[in-house]
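So the chains spell out like this:
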Amino acid sequence: MDYKDLIMYQIYPRSYYDSNNDGIGDLPGITQKLDYIASLGINSIWLSPFFTSPMADFGYDISDYRGVDPMFGTLDDYKALLDKAHSLGIKVVIDQVLSHTSIEHDWFKESRSSRDNPKADWYVWADMKEDGTAPNNWLSIFGGSAWQFDTERGQYYMHNFLTSQPDLNFHNPEVQDAVLGVSEYWLDLGTDGFRFDTANFYFHDKELRNNPPWTDTEATGRGVSDGFNPYAKQAHKYDKTQPENIEFFKRMRALSDSKGAIVLVGEIGSDFGLATIAEYTAGNNILHTSYGFDLMEDFCDGKYIFDALNKAKRLLVDSDICWATSNHDVKRVASRWVADGVSPQQMGRFAMTLLIANKGMPCFYQGEELALTEADVPYELLQDPYGIEFWPKMKGRDGCRTPMVWSSESGGGFNTSGESWLPIAKEHLARAVPALDGVKGETIECFRSLCALRHRSAPLKYGEIELESITEDTGVFKLTREYEDESVVFIFNASSKEERLDKKTLGNIGTLWSESSFETYVDGDFVVIEPYGVYIGL
């Protein structure tokens, strides 16, 4: 199987299914739901971290890379998950959080103990300035300086995220070897690939030069468009995206190829997202594909989407992207993309079709098949340190992390105790799996049909992409995928009004796909497409 055959489904383990009634989802719970996942047409799952962790950042602060945190189960539970997934033809991809560890990791405990211990140089340490301030102006994404003074060692250590997430020093070859050994461990267990968290954050500028101020208002980097986070005020020239980073991933690719892994996916958080993705996925010896954030902005108008896809086509000539519209870090797309008179369900169908149509591996976040909306979690119930820090301008990531709904009854079927680490949104109960399953036109059935179409369509997996603006404002655009003598045509109406289009102006549009869930039809010489609807022609 080639990675281009994959449709990926992200699972946030603590919110998927709770098998032991402690209020937190777990690995056995995921295993119990694999038949459901397979029924959707999914053939690859990405598991967010389930490793041993104090959970300051909910698993993205790892204290033991080779251990399964007891709240999620055991290593045997992971092996059982692997076996069941593989029996269903599902590949298993796991998060690798390698840029930083938890402050509780044994590596950091040893590193901070002195300046001459065997792991003294395993983290990014630096002396204070003469006035006692931090070594430079680098900032943390989670607020404040990227430097924390450590009284035990008498130096500052670098942290791109929480102060409890110190950054590893990848300039040290021993660190590279150690994390490669971690990845080899999971590959040897039968893991099929990795999603690398903050993949371009591994290396820093050895001279610790100050970042300059940001002046390009067209940036699409993380936080730039939000206006609340000082992190966006800097051009991140020296604290991340260093050239050595790519050389490290060449080592990782060689390892994964030797173990028969099917896919390496990077998460790229960069001021120049698509251009950086192009660098990290060029050729066949770095990453297979990288996660892009361009469709995770708040914009859903046709011009923005058309321009983003055109930019990707221009930049990703010899490289590849993993498209997504939602994940565990952003507001759910059914709430984020809003247009007058368009329901969350319709916007959900539109977004999932956009991912299936595009060139590159599609990645869906749990609950997108149900068109779940963003949950409103009150401040007193917030768990996310990011939201707590920037409340109320930014309410954090808890609203997209609330538990999946497996029942319309109170508690949502997340477990049988009715307890959950985050509250289950009452409005989600009507969107629970049994309420939608098998209902013609519902988002879950649209999702199944689209996945089946992609699996049987060579153009959608391997074909090139052609884009054409149909209306002057680019609210309507045509996307064509061609491979050998086959083609699939999509006409997206990314506007709040019905469009009646003369077929003579559209060129080849094939025959309207009979399984489409959109209220789109052919009326003589015209194609009629509902607001945020799609014509699909085979």
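Read on for an overview of the structure. (Residues numbered from 1 in each chain as written. Predicted model: local features only at pLDDT ≥ 70, side-chain atom pairs only at ≥ 80, totals over all residues. Heavy atoms only, no water.)

Let's shift gears to the side chain of Gln176. Tracing the chain through its elements places Gln176 in helix α5 (residues 173-188). At a separation of 3.0 Å, a polar atom in the side chain of Gln176 contacts the main-chain carbonyl oxygen of Phe170. What Gln176 contacts, discounting residues up to four positions off in sequence, is Phe170, Phe203, Phe248 and Arg251. (Helix = DSSP H or I, 4+ residues; strand = E, 2+ residues; numbered from the N terminus. Polar contact = N/O pair within 3.5 Å; in protein donor to acceptor, adjacent residues only side chain to side chain. Contact = heavy atoms within 4.5 Å.)

The next thing to look at is the nonpolar core. Membership of the largest hydrophobic core comes to 129 residues, with the highest contact counts inside it found for Ile45 and Leu47. Of all the elements, helix α10 (residues 344-357) adds the most residues to this core, at 8 residues. Excluding anything up to four places from it in sequence, Ile45 contacts Tyr9, Ile11, Leu34, Ile37, Leu81, Ile90, Lys91, Val92 and Val93. Tyr3, Tyr291, Phe293 and Ala324 belong to the second largest nonpolar core, which has 16 residues in total. (Core = buried A, V, L, I, M, F, W, Y, C linked by side-chain atoms within 4.5 Å. Buried < 20%, exposed > 50% of the residue type's maximum accessible area, 1.4 Å probe, protein only.)

Pairing analysis gives 6 bridges linking strand β14 (residues 464-469) to strand β15 (residues 476-483), with the strands arranged antiparallel. Looking at β15, one finds that Glu468 is bridged to Lys478. Between the end of β14 and the start of β15, which pair antiparallel, lie 6 residues, with Thr474 showing a positive phi angle near 60 degrees. (Pairing = 2+ DSSP bridges.)

Per the stated rule, a full pass over the model turns up 42 aromatic pairs. For the pair Tyr202 and Phe249, a centre-to-centre distance of 5.2 Å together with 35 degrees between the ring planes defines the contact as tilted. Remark: Phe249 occurs in helix α6 (residues 243-258) and Tyr202 occurs in the loop between β9 (193-196) and α6; sequence separation between them is 47 residues. Using a relative accessible area of 0% as the deciding quantity, one classes Phe249 as buried. Members of the aromatic cluster, each reached through a chain of ring pairs, are Phe170, Phe194, Phe196, Tyr202, Phe203, Phe248, Phe249 and Tyr280. We note Arg14 situated over the ring of Trp421; from NZ or CZ to the ring centre the distance is 4.5 Å. In this arrangement the basic side chain of Arg195 is found over the ring face of Tyr291, its NZ or CZ atom lying 5.8 Å from the centre. (Phe/Tyr/Trp six-rings, centres within 6.5 Å; stacked < 30°, edge-to-face > 60°. Lys NZ or Arg CZ within 6 Å of the ring centre and 35° of its normal.)

Right, let's talk about the sheet that holds strand β17 (residues 499-502) for a bit. Strand order in the open sheet formed by 3 strands is β17-β19-β18, with antiparallel pairing between adjacent strands. The open sheet terminates on both sides in strands that have one partner only, identified here as β17 and β18 (521-523). For this sheet the average axis-to-axis angle between neighbouring strands, irrespective of direction, equals 30 degrees. (Axes fitted to C-alpha atoms, helices over the stretch in contact; angles between N-to-C directions.)

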